[in-house]
Each structure stands twice: as C-alpha cells, then as structure tokens.
Number of protein chains: 2
Amino acid sequence: MSTTIFDVARVCGYSKTTISRAFASPEMVSVETRNIIYAAAKQVNYTPDAIARAMVRKKTNNLGFIVSDQQYPVVLNPFYSPVFEGVLQVGRERGYSVFIASEKDIQLPTGQVYVKKQMDGVIICGQTEQSIIESFRSQNIPVVLLNNVFDMEDLICITLDHYGGTVKAIEHLLEQGKRDIAIISGHFSPYVYNERFRGYTDTLKNHGIPINEAFIKTVEPTMAEAMHTAQQLLSLKHRPDAIFATNDLIAIGAVKIALRAHIAIPKDIAIVGFDDSNFSEIIEPELTTVRIDKEEMGKLAAGKLIDILEKNSTGKQVHVCGTQLIIRGTA
Amino acid sequence: MSTTIFDVARVCGYSKTTISRAFASPEMVSVETRNIIYAAAKQVNYTPDAIARAMVRKKTNNLGFIVSDQQYPVVLNPFYSPVFEGVLQVGRERGYSVFIASEKDIQLPTGQVYVKKQMDGVIICGQTEQSIIESFRSQNIPVVLLNNVFDMEDLICITLDHYGGTVKAIEHLLEQGKRDIAIISGHFSPYVYNERFRGYTDTLKNHGIPINEAFIKTVEPTMAEAMHTAQQLLSLKHRPDAIFATNDLIAIGAVKIALRAHIAIPKDIAIVGFDDSNFSEIIEPELTTVRIDKEEMGKLAAGKLIDILEKNSTGKQVHVCGTQLIIRGTA
DNA sequence: CTGTTAGCGCTTTCAC
DNA sequence: GTGAAAGCGCTAACAG
C-alpha cells in the first residue's frame, strides 16, 4: 500500500483538497500551511501519484519518440541517438518524460496504433506511413515528423537540407580537381534518397560533367555491403577518383577498402560522407563529411510538439535544418 | 473528448464490464459478443485508456531505464545503446514499454526521487548512490542495478567480468611477446576501475613482470585525453610495446596516435581495448578488444526486473556476464 | 457468460 | 485560504 494524499491529510489535519493544491498549485496555499503539509508528506513518505493526476487532467506529460524498426540497431543508431538526446533535453526543461519505442511497439495485433494514451504527443522519425500519423491524430495525439516529409494538413515536419548538403560535398570534390565522382547511396526512405541523389546529378550536370552509370551504386547501409561495393568501384578498369557516400558508415567502408588497397586518400581517391556521426572522427584519416546538427533537430522537434500541446499552435510547417561541410582528412 | 468504454456500450448494448473484458481478458467473453464489441469499438474509434487502466490495476507496464548523467552523450553511448536495445526487446516481448531518463530527470528539486509512479520498476545503469535505490524502493519500485554492484538486501545486480576480461587481454599481449605493457584507465566508477586495474596488475605479477609506474595512466574517457596520454606514453624514452585501454574509445585514441607517428601496429605497439563497441570495427586496423554482450546484459536486466514484478521473485543476486577476447588487427 | 456496484488517487468546480 | 463533493475511465469482486 503506497501512501496517498489521504494519509497526509490525516497526519496534518488539512483536507485532501489543500494537500493536492500544496503540490499542484502551491501559490494557492499559504506558506505556513504548505510547510506543515510538506513536513507531513515527508513523514509518511508521500509522493503525488502521476497516474491519478494524469487521469483527471487528461495529460500525462509524456512524449513518445518513435523510430521505425526498419533498421538495426532498432532505435539507437549514430543518427538518432543525438536526436534523441536533444528531445530528452527540451523534454526535461519543459517537464516532459519520454518514451522510446519502435513502430512495432505501438501497433495492436490488428495493425491499429495503440498509443495507450500514455503519451500526449509523439515524434515520429524517418520512414513511416500516413495511416500511422492519422491513427495517432484520430486519438488526439499530435505528431511531429522528423527526417521525413509528408504533405498533410497541419503537419509539422523537421527535415534537413539533403539536397544542399550533397551539393556542397560534390562541389568540394570538384574544387579538388576530381572529375570521376562515384556515389554510393544508402537505401533510405525515398524522400532522403531522392534528394541526395538529385544533389549529386544536378551538381555534376551544372558543371558539364556527364553522369557515368557505372559510378552509381545503391546499397543497404551496412559496413559489409559498403565495403563490397567500394571494392567493385575501385576495381573498375577506369576507377573513380572520388566517392560520395550518403552516410558516414558507407563512406568509412570505402575508406577501409582504399586503405587496405593502399590507394592514397585523398590523393588518388577522395571520400566524403554524410551525417558527421560519431564514427567520422574514429577512422584515420578522419572523414570529410556533411554535418547536420542532429541534437538541434531533436530539440526543434520536441519544442514544436510541446508548443502544439500547450499553446494549441497549429499550422503546417516544414523546418529545413542546414548542413555544413566538415573538411577533414579524406577529401 | 475521446471515446470511452461507455460510448462502445451505448452502441452495442453490452455493459461496460463486458466491453472491458473483451479487451482486457477476451477469453471471458463469447466469441460472438466479442466481435460485436470490436465492431462497435471500431465504429466509434475506441481504444482502451491505459491511464485509467493503470489507475485501477496499480500497474503501468512501464519500465524505467535510468542512466547517470555523468557522461555525454547523456543516455545514449556506445556502451548503453545496445544494452537499451536488449531492454526494449524483452520489454516488447513481455508487454512493457520503457522510459528512458537520466538521473537528473527523476529528482525533485528537493533531491528526492520522483518516480511519478509511472514506472513499475527501473533499471539503473552505472554510477549511482544507495540512497537513490532506497528512494525507489520506498515507493515500491523494484530496481535492478546494471554495470555496478552494491551490497544491498535483495538487490539484483547485472555486472560483467571486468577482472577476467582484463586478464585475457593482458595474457594475450604477453603471449605475443610483449613485456612493457602500459595501461590507460578510463575514469569510470570505482568498482569498474578497480576490477580492471586489478586484472592488469595481477596478471603482470603472476608472470613475474614488475609494474612500471610510468606505464600507468588514468584519463577521462574522451578521445582528446586518450590521444594526449597515448602521445605521452609513446614519447617515453623507454616506450611501452603494448597498451591496454579500459575502453574502446581510449584504445582508438592510442591507435590514431600510433598511426600518425608511423609506429607499426601491432608489431611495435600492440593495442587492446575493452567493450567491443561499434567503434571497434570502424578504425583500420580494426581493434582487438574484450567483448561483452551488452544486448544480453540488457535482456537479462529487463527479464529479472519483470520477474520481480510478476512473480514477486526476490533474493539478492549478482549476475556476472562473461567476456570474450576478440582478436582483430591491433594486437 | 454477462451485469451491478464500488472504488483506484487525484483535481476541480463550487461553496464558505 | 480552505473544504465538500463529484467524477476522470476503467477493472474487480460478487452476483446472477
């Protein structure tokens, strides 16, 4: 039996109402009373029960951070970990806890989303479906979409400048005098994939460089596949003098292959990644890559979500976070 | 206004109780009735309200995963991420969601732990204090301690064989003919630090090798500090021929320094890490390191915690997870 | 197999 | 500034 507001009432003689107020809205209770109540509470080891509170307030002060389980590690990878840290941080500042779950966790066997109404709002990351978003909304759970963009009414999307980031990367390579630039695309969501790919082809075209089909590869973003594909590329009779990889892991696979083949980096093969994940400074030489402020994305998403929750703000918005080329040792 | 069990009752004519049972314990309701109810529920877009359920059952089916905020990234780092994945997985299998929070998140301004009673039990990771554990317990929240060991009644601790893992690492180095083995210890919790350090000194002593004070270093586990310290070690007039680092990040710092100084790895300097984090295969040459099955630790912790919750199992237990030396390119 | 009755612990009108 | 009463949405006895 845990102690309730009632036990405190018995000890100090005040009514349940007053005890409740002393904790929920202290300013409504005189200072003396408050202190008496706090002392009594401490004596019986009382802590407000958030469940009961949530029940009557119809608000849990919990947020959900939902990642599709298309990838492994399921929820925590070099990209989403910092995003999550950002979410956690503004959550803390504004009084929200956060659940983390994969999409699988929130589906009923029937396929219906079962939010259990234990979250006031959710941030959905990456790949998902419109029906999932609608499912949340039909239960009055606002959603913010992160790293993906859907054209839905009143939907806030936090995305980043995949296209522009890619352009920066390719132009940097061009400036280094590279002309035979290959691309290894990770098999991400169509939106991300297309934006980055378009950045690559457009930039090349703009500089009058023909697209070489042999230099275009798509892989599952695993180290093994990346290495395998880099190997193929470097074995070509006419091999590329640069590789742009659409994430750091893939880029690192390419670096490793070049290192093992003793091909000089960046002289004979330049390599640029994308994300500036915590892997990028592990490899030696360190990776030149396109940085995105992942923690900032998380903060933005959480902030917007809480704004909706508290201010009933609405309105469709697409926030595009900027990118920055970080030049290190590989290009 | 979200729909309640009452709305469903009105649509299909059954009582609230029956509706409730159709969702909470389907086997108590006839198949036909159930289908009628489900249809009605779908019609009004009804989903059970987990808060109300938790309120009466006094059980939330939520677990807390608490990481001290001594480190950055606060909650998600190469060590705890896989642990968390393990927790999530058994949580999903057994019907629990999981909150993730740093210690800061769960403290009231008064310093008291405020669990908000929204978690049935918690897994506390790494550094913490006995008072925190007691605080949870006084609110009837069982705790499982992970990667730390306290001598408390009925406390289940999930730890790993720091000592044995270190012995394996040092003996491997010895087998390779190394005799001047340095250690760079990360500044972890006393328990972890001491166990690993003891493994180092004991093994050396057992092989009749004197301890060289100049080869003993302690650092904050950051790349910068690791590199700085490795630099010092490699600049010694009589420099070590091997370095054992108490985590992978530190080991990688040493590898990078050796690479930059063109000291042959592992011929002139062998390096062994600890953890087998996802960094270990990023660096080239890949890191020889002591593997611990982090995901397994998470699964074990979650499993034990849920056992306590559901079976009221108790009893003090210390689970020591094994380690395995993974020989790659650096030693 | 289904319905009735009581709450779970808290907050919130509405009084005083 | 404080109290009394009502009820949030659900489940758990206990009947029938």
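As annotated in an unreviewed UniProt entry, chain A carries the name LacI family transcriptional regulator and comes from Sphaerochaeta associata.

Asks: Sorry if this is basic, but what is going on with the protein's contact with DNA strand C here?
Replies: Within the structure, DNA strand C sits among 27 residues, and I5(A), S20(A), R53(A), T17(B) and T33(B) are positioned closest to it. Of everything in DNA strand C that lies within 4 Å of the protein, sugar and phosphate atoms constitute 53%. I5(A) is positioned with one of its backbone polar atoms (N or O) 2.4 Å from a phosphate oxygen of DNA strand C. Between DNA strand C and K58(B), the relevant distance is 3.4 Å, taken from a sugar or linking oxygen to a side-chain nitrogen or oxygen of the residue. Contributing elements (two or more residues each) for the surface near DNA strand C: α2 (16-24) and α4 (50-57) of chain A together with α2 (16-24) and α4 (50-57) of chain B. For the surface near DNA strand C, the element with the most residues is α4(A), which contributes five residues.

Asks: Looking at this model, I keep getting lost on the packing of aromatic side chains. Mind explaining?
Replies: Aromatic ring pairs are reported here in terms of the distance separating the ring centres and the angle at which the planes meet. Applying the stated rule across the entire model yields 16 aromatic pairs over all chains. Centroid distance F23(A) to Y46(A): 5.3 Å. Interplanar angle 65°. Geometry classified as edge-to-face. Pair noted here: F23(A) is in helix α2 and Y46(A) is in the loop between α3 (31-44) and α4, with a separation of 23 residues, a long-range link. Residue classification places Y46(A) among the buried positions, given a relative accessible area of 9%. Both rings, one in F197(B) and one in Y200(B), keep their centres 6.1 Å apart while their planes meet at 40°; by these two values the pair is tilted. Of this pair, F197(B) and Y200(B) both sit in helix α8 (residues 190-206), three residues apart, roughly one helical turn. The class of Y200(B) is buried, set by a relative accessible area of 1%. Each member of the aromatic cluster is reached from another via a ring pair, and the members are F23(A), Y38(A) and Y46(A).

Asks: Just checking my understanding: could you explain the UniProt feature "domain: HTH lacI-type" (unreviewed entry) in chain A for this structure?
Replies: Those places that UniProt annotates as "domain: HTH lacI-type" (unreviewed entry) correspond, in this numbering, to residues 3-57 of chain A. What you have in residues 3-57 of chain A is 71% helix and 0% strand, and the ends, taken at the C-alpha atoms, are 21 Å apart.

Asks: What am I meant to see in the protein's contact with DNA strand D here?
Replies: Around DNA strand D sit 28 residues, and of these T18(A), T33(A), I5(B), S20(B) and R53(B) come closest. Backbone polar atom of I5(B) to a phosphate oxygen of DNA strand D: 2.4 Å apart, as the coordinates give it. The set of elements that each furnish at least two residues to the surface near DNA strand D consists of α2 and α4 of chain A together with α2 and α4 of chain B.

Asks: Please explain the relation of the copies chain A and chain B as it appears in this structure.
Replies: In this structure, two copies of a chain are linked by a rotation about an axis accompanied by a shift along it. In screw terms, the move from chain A to chain B is a rotation of 180° and a rise of 0.1 Å along the axis, fitting with an RMSD of 0.2 Å. The operation mapping one copy onto its partner corresponds to a two-fold rotation axis. A share of 96% of interface residues in chain A that are also interface residues in chain B marks the association as one of identical surfaces.

Calculation criteria
- Residues numbered from 1 in each chain as written.
- Chains lettered and ligands numbered in written order.
- Predicted model: local features only at pLDDT ≥ 70, side-chain atom pairs only at ≥ 80, totals over all residues.
- Heavy atoms only, no water.
- Near = heavy atom within 4 Å.
- Polar contact = N/O pair within 3.5 Å; in protein donor to acceptor, adjacent residues only side chain to side chain.
- Helix = DSSP H or I, 4+ residues; strand = E, 2+ residues; numbered from the N terminus.
- Phe/Tyr/Trp six-rings, centres within 6.5 Å; stacked < 30°, edge-to-face > 60°.
- Buried < 20%, exposed > 50% of the residue type's maximum accessible area, 1.4 Å probe, protein only.
- UniProt positions renumbered as here; feature names shortened; annotations may be inferred.
- Least-squares fit on C-alpha atoms with pLDDT ≥ 70 in both.
- Contact = heavy atoms within 4.5 Å.

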